[in-house]
Structure formats: C-alpha cells, structure tokens
Amino acid sequence: MALTRDFKETILARVQADPKFRDALLKEGIETMLAGDVDTGKAILRDYIKATVGFEQLGAQTGSSPKSLIRMFGPTGNPQARNLFAVISQLQRHAGLTLHVMAQPH
C-alpha cells in the first residue's frame, strides 16, 4: 500500500513538532528491523531520516553518498550490516539517544 502525500506530510510535521514522537519513530524503525520485518523497518527509518537529518547530511556524516543511502533504505535496498549500523549510530547521535537491546520472553 503506497502512502499518500498528505500522510507523509503529516508524519513530517509531527516528527518536527513532537520530540517524543520523533524518538519513538526511530526506536520503532530499529525494533521492527530486529523483529525480522526489515522492509517495514527500512521504510520507517527512511521517513525518519527525511524528516530529521536528511540524506545529504547523513551521507556527509557517515561517509556514504546520499544516493547510496536512499537506495539502501528503498524498497529493494539490501544494506550491508556495516553500513546499516553506521547509519543507526549516527541517527542515535543526531537524536541524542542511546538505544539498547533487551531480551524479553515471548
């Protein structure tokens, strides 16, 4: 299901206006990937990146080209772990967060 422009603009506005929502979106993207739904996690992180740091600045900070980052988080992107973790590390720095993995029983 493709998202409408209005929905994406609504997310963008909310991310920029609500720090708690912004932080929750980053956390959700990473948790979704860890749960095995890589495609949805990439889509969430792509929206997060667009609404916060942007692909140009993220590319400069990670040493990757913005086009490579856009492809990496696109629907057919298949990021290498090294690149994905470099991006996640930078997104945490940019957000002023440190995320931790915690084991929980099912």
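For the structure, check the block above.
Read on for an overview of the structure. (Residues numbered from 1 in each chain as written. Predicted model: local features only at pLDDT ≥ 70, side-chain atom pairs only at ≥ 80, totals over all residues. Heavy atoms only, no water.)

**Some details on the overall build of the protein**
- Of the regular secondary structure elements, the protein holds six helices and zero strands.
- Listing every helix and strand of the protein by position from the N terminus yields α-α-α-α-α-α.
- A compact globule built from 106 residues should have a C-alpha radius of gyration of about 13 Å, and the protein, at 13 Å, falls within 12% of that.
- Once the C-alpha set of the protein is aligned to its principal axes, its extents read approximately 40 × 30 × 30 Å.
- Within the protein, the proportion of its 106 residues that are buried is 33%.
- Considering only residue pairs separated by 6 or more positions, the protein has 53% of its internal contacts joining residues 24 or more positions apart.
- When the accessible surface of the protein is summed, it comes to about 7200 Å², and 55% of that surface belongs to carbon and sulfur atoms. (Helix = DSSP H or I, 4+ residues; strand = E, 2+ residues; numbered from the N terminus. Rg over C-alpha atoms; globule rule 2.2 N^0.38 Å. Buried < 20%, exposed > 50% of the residue type's maximum accessible area, 1.4 Å probe, protein only. Contact = heavy atoms within 4.5 Å. Areas by Shrake-Rupley, 256 points an atom, 1.4 Å probe, with all protein chains shown as cover.)

**Points about the nonpolar core**
- Core analysis: the biggest nonpolar cluster contains 22 residues, and Leu45, Ile49, Leu58, Phe73, Val87 and Leu91 have the highest contact counts within it.
- Those residues within four positions of Phe73 in sequence are excluded, and the remaining contacts are Lys42, Leu45, Arg46, Ile49, Phe55, Leu84 and Val87. (Core = buried A, V, L, I, M, F, W, Y, C linked by side-chain atoms within 4.5 Å.)

**Some words on helix H6 (residues 81-95)**
- Helix length check: H6, at 15 residues, gives a terminal C-alpha distance of 21 Å against a target of 21 Å (1.5 Å per residue), a fit within 8%.
- Check the buried side of H6 and you find it contacts helix H2 (19-34), helix H3 (38-51), helix H4 (55-62) and helix H5 (66-72).
- Just downstream of H6, Gly96 is the residue with a positive phi angle, here 75 degrees. (Expected span 1.5 Å × (residues − 1).)

**Considerations on the layout of surface pockets**
- In this model, the largest pocket occupies a volume close to 450 Å³.
- Lining the largest pocket are 15 residues, and of these Ile30, Glu31, Leu34, His100 and Val101 sit closest to its centre.
- Residue assignment for the lining of the largest pocket shows that the elements contributing at least two residues are H2 and H6.
- It is H2 that provides the largest number of residues to the lining of the largest pocket, a total of five residues.
- For the lining of the largest pocket, the residue count by class is 10 nonpolar, three polar and two charged. (1 Å grid on protein atoms, 1.4 Å probe; cavity = no way out; pocket = protein on both sides within 12 Å on 5 of 7 lines; lining within 4 Å. Points joined across faces, edges and corners; volume = space filled by probe spheres on them. Nonpolar A, V, L, I, M, F, W, Y, C, P; charged D, E, K, R; others polar.)

**Here we look at the pattern of salt bridges**
- As enumerated under the stated definition, the model contains three salt bridges in all.
- With a closest N to O distance of 3.9 Å, Glu31 and Lys27 form a salt bridge. Linking Glu31 with Lys27, this pair stays in helix H2, spanning four residues, or about one helical turn.
- Note that Lys42 and Asp39 form a salt bridge whose closest N and O atoms lie 3.9 Å from each other. Highlighted residues: Lys42 and Asp39, both in helix H3, separated by three residues, approximately one helical turn. (Salt bridge = Lys/Arg side-chain N within 4 Å of Asp/Glu carboxyl O.)

Function cannot be inferred from these measures alone, as they are strictly geometric.
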